[in-house]
Amino acid sequence: MAGASNFEREYGEITADITAKIGRIPNLFGKEKNDLIGDVEVLLEEARDLIDQIEVESHSAGGEQRRQIVSNVNNYRRDYETHVKNLRKARLTYAEDVEQQRSDLLGNEHKNTMVSNSERLERSSRRLEDGYRMAMETEEIGQNVLNNLAQDREKINSARNRLGNVDSSLSQSSRLLNNMYRRVIQNKVLMFGVGVVIIVIIVLALYGMLK
């Protein structure tokens, strides 16, 4: 497959050029850097077209040769994506350079104003953080107070229940003592009655014996 080989050789030359130019981008400034980025973008388009052409050529190949070309195409696509990512990084570097130049052009006065605004924002942020921290601490204290009140209420309810049980026990004990007292009185009255009966019987017996 002479066509595929030619395309692959051309792809190798283009990617070598892309790699070299991307490596130069961070060292350039202004229009020169911007132009070089445009050149790399054109080369990347050519490289992508070559990869597509190589893939088309693989359809007419057969057996082991086709598998080899397909494997190469996959490698070329991964290589292409790597170049795209490297160019993206170079773009970011370029954007940072432009921003730096813009900042320099604004002058020291504007930078001082920005610094002052930044400091005020930082102070406001710290105050907000302090306020948030105090609010969280207050919430935590309030939650602890509520928990303590709930525990105290449980203790009071428990003590009340125990007092109710004690009162009930005292009432039962009082009723039991009253019953016992009544029984003692009843027993004394019964014993007194029995004693009187015995005495009467003894007197009657003695009286009968004396007659």
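**Brief notes about the nonpolar core**
Counting residues in each nonpolar core, the largest one holds 23 residues, and the members touching the most others are Tyr11, Ile18, Ile25, Val40 and Leu87. Secondary structure elements with two or more residues in this core: helix H1 (2–24), helix H2 (30–59) and helix H3 (63–210). Here the element with the most residues in this core is H2; it accounts for nine residues. Non-local contacts of Val40, meaning those with residues more than four positions away in its chain, are made with Ile18, Lys21, Ile22, Ile25 and Leu87.

**Considerations on the confidence of the model for the protein**
On average, the protein scores 81 in pLDDT, and the residues at 70 or more come to 87%. Mean pLDDT values for the elements of the protein range from 79 in H3 up to 89 in H2.

**What to know about the packing of aromatic side chains**
In the structure shown here, the tally under the stated rule is one aromatic pair. Between the aromatic rings of Tyr11 and Tyr76, the centroid separation amounts to 4.6 Å while the plane-to-plane angle is 45°, which identifies the pairing as tilted. You can see Tyr11 sitting in helix H1 and its partner Tyr76 sitting in helix H3, a full 65 residues away along the chain. Each member of the pair, Tyr11 as well as Tyr76, carries the same accessibility label: buried. The residue whose ring lies beneath Lys33 is Phe29, and the NZ or CZ to ring-centre distance is 5.4 Å.

Cut-offs applied
Residue positions are given per chain, counted from 1 along the sequence in the order it is written. Reporting of local features is limited, given that this is a predicted model, to residues whose pLDDT is at least 70; pairs of side-chain atoms are given and counted only at 80 or more, and all residues count toward the totals for whole chains, interfaces and linings. In computing side-chain properties, one takes all heavy atoms of the structure into account and sets aside hydrogens as well as water. What is meant by a nonpolar core is a set of buried Ala, Val, Leu, Ile, Met, Phe, Trp, Tyr and Cys residues, joined one to another through side-chain atoms within 4.5 Å. Classification of residues uses two cut-offs on accessible area relative to the type maximum, computed with a 1.4 Å probe and protein chains only: under 20% is buried, over 50% is exposed, and between them is partly exposed. Helical segments are the DSSP runs of H or I of at least four residues, strand segments are the runs of E of at least two, and each set is numbered from the N terminus. We call two residues in contact whenever any of their non-hydrogen atoms come within 4.5 Å of each other. Confidence of the predictor at the level of single residues is captured by pLDDT, which takes values from 0 to 100. Note on aromatic pairs: the rings of Phe, Tyr and Trp (six-membered ring only in Trp) are paired at centre separations within 6.5 Å, and the planes decide the class, stacked below 30 degrees, edge-to-face beyond 60, tilted for the rest. By the criterion adopted, a ring carries a charge over it if an Arg CZ or a Lys NZ lies within 6 Å of its centre and within 35 degrees of its normal.

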